Structure formats: structure tokens, C-alpha cells
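Take a look at the letters that make up each chain.
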Amino acid sequence: MQTITTVAELRRTLAKARSADKRVGFAPTMGYLHDGHLALVAASRAQCDVTVVSIFVNPTQFGPNEDLSTYPRDFLRDEKLCRDAGVAILFAPDAQEVYPTQFETFVDPGELAKPLCGAFRPGHFRGVATVVCKLFNMVQPDVVFFGQKDFQQCAVVRRMTNDLNLPIEIVTVPTVREPDGLAMSSRNRYLSEEERRRALAISRGLFAAADEFRSGERNVEKLVAIASRHLKTVDRLQYLELVDGDTLKTADSPLRRPAVLCVAAYVGSTRLIDNVILALPTP
Ligand code: PAF
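These notes cover the structure that comes with them. (Residues numbered from 1 in each chain as written. Predicted model: local features only at pLDDT ≥ 70, side-chain atom pairs only at ≥ 80, totals over all residues. Heavy atoms only, no water.)

**Notes on unusual backbone geometry**
Where we set the bar: Helix and strand assignments come from DSSP, with helices taken as H or I runs of at least 4 residues and strands as E runs of at least 2, each series counted from the N terminus.
The step from Ser253 to Pro254 runs through a cis peptide bond, and the omega angle for that step is -5 degrees. Mapped onto the fold, Pro254 is located in the loop between strand E7 (236–244) and strand E8 (259–267). Unusually for a residue other than glycine, Gln140 sits at a positive phi of about 50 degrees. Within the fold, Gln140 resides in the loop between helix H6 (124–139) and strand E5 (143–147). Here the phi dihedral of Asn165 falls at roughly 55 degrees; this positive angle occurs in a residue that is not glycine. Note on placement: Asn165 falls in the loop between helix H7 (151–163) and strand E6 (169–173).

Following this line, the structure appears as C-alpha cells:
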């Protein structure tokens, strides 16, 4: 595995792969890697010849009162995980490499960035879309892998990729969970043992609603109410919404199209997000 920190060296290295007609897979991350990230690497290795992982804690997607300075970092551990997972190139630029002093051009996502996390984290998806677009231009991958836990991020990136005619395939990889159901997240490390137990309410609520959905329940209010009963133990629920899988607008009841039940909640001072896709059985 090569660890690369500059765009120039990344381009030089990838040019060789491209001239040998290799298919380049890419998993963008902010580091502090867990099994969810490694599932992106595994998916990329299954579909591509060369896998690139980036580690960059992107300042433009954090709000002024968010956890940019305390975001967990452990580069040496991440580097070893990537090497062991068969990553070919680990791209770890510093902030100046990504946002040189004169930087002033942003990607402004549209409606998909407004509800859910967008409503609570102003500017977040502008920062995500901007850095993802820049990373796409730096790596120029054939396929990019994102985790389903960040469902809205996947939707925003997919739309950006289509809208800006980027010749890249976007693949969403199912959420990886701890054995008890908690969605894997770098932020889980902030949780105390007691908070970790209470955080289970999130996946339990989502699974309870998904079970009812599988048993035939199609009423949006009822499905949300089922999840909501479990969510009493979180400290602050930001949103619990059943949204259309394409538009991210509140789903019409009864459900007739694929929908996603999405949650963002604070447990202690840690903000966690999760979702389940409620896909109608194919007739
Ligand atoms: O999902 C993440 O880790 C980040 O939002 C991403 C896609 C790496 C952009 O900074």
C-alpha cells in the first residue's frame, strides 16, 4: 500500500493504473476506521482492480459548534487497517492541500440537502458535496462506495454526480452494525457504557418499525409511532421521519413507493444517525 499526501503524487500514481486499464474504486472517509469502512473497501476490492481510500476530516462540513477539533483520529491504526484490508492507495492530504488559501468555490446542493440532517446542520451538505466533488476530481475513480448509514449523503452525492455529469458510478453499501444492532460510526467512541446501552433504542425503534412493515403495515403515522416508542431513552430526538426514498420528502401514506425511516438523536452529547429502508416487495 502507498500512503500519499499530495494531489500531484496521487495523479502520477493513478495514471499508471489507468494506462493499464485498471478499474479504480474509491472509498472516501474521515478516518477512525471501523468495520463499516472496511465493508466499503471489501466492496471496492470485489468490483475494482485498484482501491483508493481517502482520510480527510473535512472542516467545511462541520458547523461552528460541532466536533471538528475533537473528531476521533488515529492515523497509524487506520493505515494498518487499510494495509491489512488490501487497499492499494491511502490518500491522506492535509487541509492546505484540499483547501489552499485562495479557495472560494463551493458545490451548492439543492432540495435533497434541505430536510433531515440538512435542517439541523446548516451548510453540512454544501461542505460534503464540495469535498466529495474535489476528491472525485483528485482520484478520478470509476466507482465510489458510500455507507447506507449516511442515506441523505448518498442521495446528495448521487444527485451531484448526475447533475454535474461526473462519469462515476455510486454504490451504496448496507450499514454495518455491532452484534446488538448499533450502527457502526466513528462517533460511537464518544459514548459512555451507559450511553452506549441507551443508544440501542435507535436501532431497536427502526427494526421494530421495519418488522411491522414486513408484516404488512403501510400507514406512515403508525410506522413512525412504533419506532418512536423505543426512542424514549435518547436524550434529544432531532428527527424521526419516514421519507420517500428518492425525494427525501415525507412519504405519502399508505406507502406505495420505497421509503426510508430516518433518525437523528443525541445520546449524551453524541449525535447519532441511522435509518432503515422500507422497500416494497416486488410483485
Ligand atoms: O461520510 C464521510 O465520512 C464524509 O462525509 C465524507 C464522505 C468522507 C466527506 O467528507
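Back to the write-up after that little detour.
**Some remarks on the site of the ligand**
So the rule is basically this: We define proximity as follows: a residue is near a molecule or strand when any one of its heavy atoms falls within 4 Å of that partner. Pairs of N or O atoms are called polar contacts if they sit within 3.5 Å, as long as, within protein, a hydrogen donor faces a hydrogen acceptor (for residues adjacent in sequence, only side-chain-to-side-chain pairs). For the area figures, the Shrake-Rupley method with a 1.4 Å probe applies, and any residue is considered shielded solely by the protein chains shown.
Around the ligand sit Pro28, Thr29, Met30, Asn58, Gln61, Val131, Val132, Phe146, Asp150 and Gln153, and that is every residue in its neighbourhood. Residue Gln153 places a side-chain N or O atom 2.7 Å away from an oxygen atom belonging to the ligand. Protein chains shield 89% of the accessible area of the ligand, which is 290 Å² for the free molecule. Within the residue set of the shell around the ligand, elements represented by two or more residues are strand E2 (24–29) and H6.

**Comments concerning the side chain of Asn188**
Rules: Remark: exposure states derive from per-residue accessible area (1.4 Å probe, protein chains only) relative to the maximum for the residue type, with buried under 20%, exposed over 50%, and partly exposed in between. Note on definitions: a residue-residue contact is assigned when non-hydrogen atoms from the two residues lie within 4.5 Å.
Examined against the element boundaries, Asn188 turns out to sit in the loop between E6 and helix H8 (193–214). In this structure Asn188 comes out as buried when scored by relative accessible area, which is 11%. Those residues in contact with Asn188, other than ones at most four positions away along the chain, are Leu182, Ala183 and Leu272.

**Remarks on the nonpolar core**
So the rule is basically this: For this analysis, a nonpolar core means a set of buried residues of the types Ala, Val, Leu, Ile, Met, Phe, Trp, Tyr and Cys, connected via side-chain atoms within 4.5 Å.
Counting 47 residues, the largest nonpolar core has Val52 and Phe136 as the members making the most contacts within it. Setting aside anything within four residues of it in sequence, one finds Phe136 in contact with Phe26, Pro141, Val144, Phe146, Val157, Met160, Thr161, Leu166, Ile168 and Ile170. With 30 residues, the next largest nonpolar core counts Val224, Ala251, Leu261 and Val267 among its residues.

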